[in-house]
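Each chain, letter by letter, is given below.
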Amino acid sequence: MSGIQFDHIAIAARRIADAPPYLMGVLGGVPFFGMSADVFRFGQWEFEGGGRLEVLEPRGDNGFVHRFLAARGPGIHHVTFKVPSLHVARERATALGYGVVGYDASVPRWKEAFLHPKDALGIVVQIVESDAEPPRGHWRKPPPMPTAPPPPVRLLGLRLRAHSAERARRQWSTLLGGDASVEGGVHIFRWASSPLRIAVEIDPTGEERPTGIEIVPTARSVSGLGVPAPDLGTVFVDAR
């Protein structure tokens, strides 16, 4: 299926207010937009080149973010892909042996379904059919933001671990249309319409899961990389 776009990477945290000190104060991210849903709220930051990170915060007494945080603590939650046809994407996923959950077409401008992390290399994959553009700058009650943040880094993409190259290609290329290459022993998947990529390290015995978010510092050095960011439970790595 052509026309697929890798839209953004999402992190679950206990509070969105915990994100700006690192995403802005360290990485230089620019507030993009934010809003609330029934059991969660979210905010997004944009980086050089157009890559976006989303932070999810639980809302109310129970929901998927609550369950994720209770089981794993803060960390990388999902990746979102936009597709031309959710119907076609679901059929393709089912034919490839994936379980598709959470199908919801009740809002025509945002139809969605999900691949469960047990099937999808240890990460939730959100598949969306939507022509709507994110409402840049629309953010009701944003969290406190640091003043005078540094220049933004480039957000390169997500790094994961998979048991085999075949499993990685089936998910990111056969199902989701990524162009595959191998660079320095790492399997790279890119989408022509997206600034973000997926980088997969092959480990037949290790746990399949996301291992970090790749950045490229552009005009400055960045400290504190390679260890989990405070309150975000996510490792950011220099991919140069």
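All of these numbers come straight from a predicted model, not from anything done at the bench.

Trainee: Hey, could you run me through the layout of surface pockets in this one?
Mentor: Empty space among the atoms becomes visible once a probe the size of a water molecule is rolled across them. Roughly 1200 Å³ of volume is contained in the largest pocket. As for the largest pocket, its lining consists of 44 residues, of which F40, W110, E112, F114 and Q126 are closest to the centre. With 5 residues, helix α2 (residues 64-72) is the largest single contributor of residues to the lining of the largest pocket. Across the lining of the largest pocket, the residue classes tally to 22 nonpolar, 12 polar and 10 charged.

Trainee: Just to check I follow, could you spell out the packing of aromatic side chains for this structure?
Mentor: Within a pair of aromatic rings, the relevant descriptors are the distance that separates the centres and the angle that separates the planes. Evaluated as defined, the whole model comprises 10 aromatic pairs. Residues W45 and W139 carry aromatic rings whose centres are separated by 5.2 Å and whose planes lie at 70° to one another, so their mutual orientation is edge-to-face. Remark: W139 occurs in the loop between β8 (124-129) and β9 (154-162) and W45 occurs in strand β3 (residues 40-46); sequence separation between them is 94 residues. Residue classification places W139 among the buried positions, given a relative accessible area of 15%. Aromatic rings pair up to connect F32, F33, F40, F42 and F64 into one cluster.

Trainee: Is there a simple way to explain the pattern of salt bridges in this structure?
Mentor: Oppositely charged side chains may form a pair once their charged atoms are brought near each other. Enumeration according to the criterion identifies 11 salt bridges in this entry. Measuring nitrogen to oxygen at the nearest pair gives 2.9 Å for the salt bridge that ties E201 to R159. Taken together, the residues E201 in strand β12 (residues 197-202) and R159 in strand β9 connect sequence positions 42 residues apart. Each of R159, R197, E201 and E214 takes part in a single network of salt bridges with overlapping partners.

Trainee: How do you make sense of the nonpolar core when you look at a structure like this?
Mentor: Generally speaking, a soluble globular protein has its nonpolar side chains buried in company with each other. Grouped together as the largest cluster of nonpolar side chains are 51 residues, with contacts concentrated most on L23, V125, W172 and F236. With 4 residues, β9 is the single largest residue contributor to this core. Discounting chain neighbours no more than four positions away, the residues touching W172 are V79, F81, L121, I123, V125, L160, G177, G178, F189, W191, I198 and V200. By size, the runner-up hydrophobic cluster in this structure holds 10 residues, among which are F42, L56, V65 and F68.

Trainee: Even after reading the chapter, I still don't get α2, so can you show me in this structure?
Mentor: One full turn of an α-helix is made of 3.6 residues, so residues set three or four places apart face in the same direction. Every buried residue belonging to α2 is among V65, H66, F68 and L69, and all of these are buried. Around the axis of α2, the buried residues are gathered within 165° of arc, so they sit on the same side. Away from its buried face by more than 90 degrees, α2 exposes A70 and A71. Along its buried surface, α2 packs onto β1 (5-12), β3, β4 (52-58) and β5 (75-82).

Reading guide: rules and limits
- Residues numbered from 1 in each chain as written.
- Predicted model: local features only at pLDDT ≥ 70, side-chain atom pairs only at ≥ 80, totals over all residues.
- Heavy atoms only, no water.
- 1 Å grid on protein atoms, 1.4 Å probe; cavity = no way out; pocket = protein on both sides within 12 Å on 5 of 7 lines; lining within 4 Å.
- Points joined across faces, edges and corners; volume = space filled by probe spheres on them.
- Helix = DSSP H or I, 4+ residues; strand = E, 2+ residues; numbered from the N terminus.
- Nonpolar A, V, L, I, M, F, W, Y, C, P; charged D, E, K, R; others polar.
- Phe/Tyr/Trp six-rings, centres within 6.5 Å; stacked < 30°, edge-to-face > 60°.
- Buried < 20%, exposed > 50% of the residue type's maximum accessible area, 1.4 Å probe, protein only.
- Salt bridge = Lys/Arg side-chain N within 4 Å of Asp/Glu carboxyl O.
- Core = buried A, V, L, I, M, F, W, Y, C linked by side-chain atoms within 4.5 Å.
- Contact = heavy atoms within 4.5 Å.
- Arc of directions from axis to C-beta.

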